[in-house]
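So the chains spell out like this:
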Amino acid sequence: LEGELRGGVSHWLRSYLLMVRWELLSQRMQLPMLVVVQVMLGAGMALGFGFLFDNPSQQQALYLSTGATVIPMMTLGLVMLPQVVAQQKIEGTYDYIFSLPIPRMAMYFAGLTVWSVIALPSAVMALAVATWRYHLELSIDPLALPAAVLVVMVASTVGYGFAHAIPNPRLTNVLTQLLIFVVILFSPVNFPAERLPGWLQAV
């Protein structure tokens, strides 16, 4: 009936699937390039940061390899995703999406699903390049996949949060540029956290 309240698990799942389709269609032109950028970022970090050392030790190689895997996932959630939301605000599609009669969490998880599909294969490729570059023999823990999904989820949640909270999309884009700098240079995943000043370790 017209005007009937919608709810329940079936409505949530249908809304989720429709929003996954929306995300894929709205990003269909950018998706291949996003995947290429993610792979190049991770592989580039694994190769480029290695030039900082004449002969990286085993521990340094492990940090560089895992850092090259994690940082692109963080960058996707903290930088690229907020830029997508900012672009939606500029184009005027942001208000339209939020006017749709769908649960907000279904919208969020749909976006998270699409961005995870982009991030996780790229992370695997970056780890493979780093393993080849530093001649590492890694054993993959069964918790690696849930941990990777958690990294993408947390980074995306933070990215979604400030992208929605900041009314000016241009300010969002400025903040994402700052975050690129902070994430790449000061995230203690490419190096031990003990190397940071005490106050920055606390942050």
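Preceding this section is the structure that the text describes.
Figured I'd write up the structure that's included with this text. Source: prediction; values computed, not measured.

### Structural notes on the overall build of the chain
Assigned secondary structure in the chain consists of eight helices and zero strands. Reading the chain from its N terminus to its C terminus gives the helix and strand order α-α-α-α-α-α-α-α. Across its three principal axes, the chain shows a C-alpha extent of roughly 70 × 35 × 35 Å. For the chain, the residues scored as buried account for 41% of the 203 residues in total. Once local pairs closer than 6 in sequence are excluded, the contacts in the chain between residues at least 24 apart make up 84%. Surface summary for the chain: the accessible area is close to 12,000 Å², and the carbon and sulfur share equals 69%. Put simply, the chain has 9 plus and 9 minus side-chain charges, and the middle of one group is 8 Å from the middle of the other.

### Structural notes on the packing of helix α3 (residues 58-91) against helix α6 (residues 144-165)
Relative orientation of the contacting elements α3 and α6 amounts to 30°, with a least axis distance of 8 Å. Taken together, the axis directions place α3 and α6 in an arrangement best described as roughly parallel. As for how α3 packs across α6, the hand of that crossing is right-handed. In this structure, α3 contributes Val70, Met73, Met74, Gly77, Leu78, Leu81, Pro82, Val85 and Lys89 to the contact, and α6 contributes Ala148, Val151, Val152, Ala155, Ser156, Val158, Gly159, Tyr160, Phe162, Ala163 and His164. Residues belonging to the contact of α3 with α6 are distributed by class as follows: 15 nonpolar, four polar and one charged.

What counts, and where the lines are drawn
- Residues numbered from 1 in each chain as written.
- Predicted model: local features only at pLDDT ≥ 70, side-chain atom pairs only at ≥ 80, totals over all residues.
- Heavy atoms only, no water.
- Helix = DSSP H or I, 4+ residues; strand = E, 2+ residues; numbered from the N terminus.
- Buried < 20%, exposed > 50% of the residue type's maximum accessible area, 1.4 Å probe, protein only.
- Contact = heavy atoms within 4.5 Å.
- Areas by Shrake-Rupley, 256 points an atom, 1.4 Å probe, with all protein chains shown as cover.
- Lys, Arg positive; Asp, Glu negative; His and termini not counted.
- Charge placed at Lys NZ, Arg CZ, Asp CG, Glu CD.
- Axes fitted to C-alpha atoms, helices over the stretch in contact; angles between N-to-C directions.
- Parallel < 35°, antiparallel > 145°, perpendicular 65-115°, else oblique.
- Left-handed = near helix turned anticlockwise from the far one by under 90°.
- Nonpolar A, V, L, I, M, F, W, Y, C, P; charged D, E, K, R; others polar.

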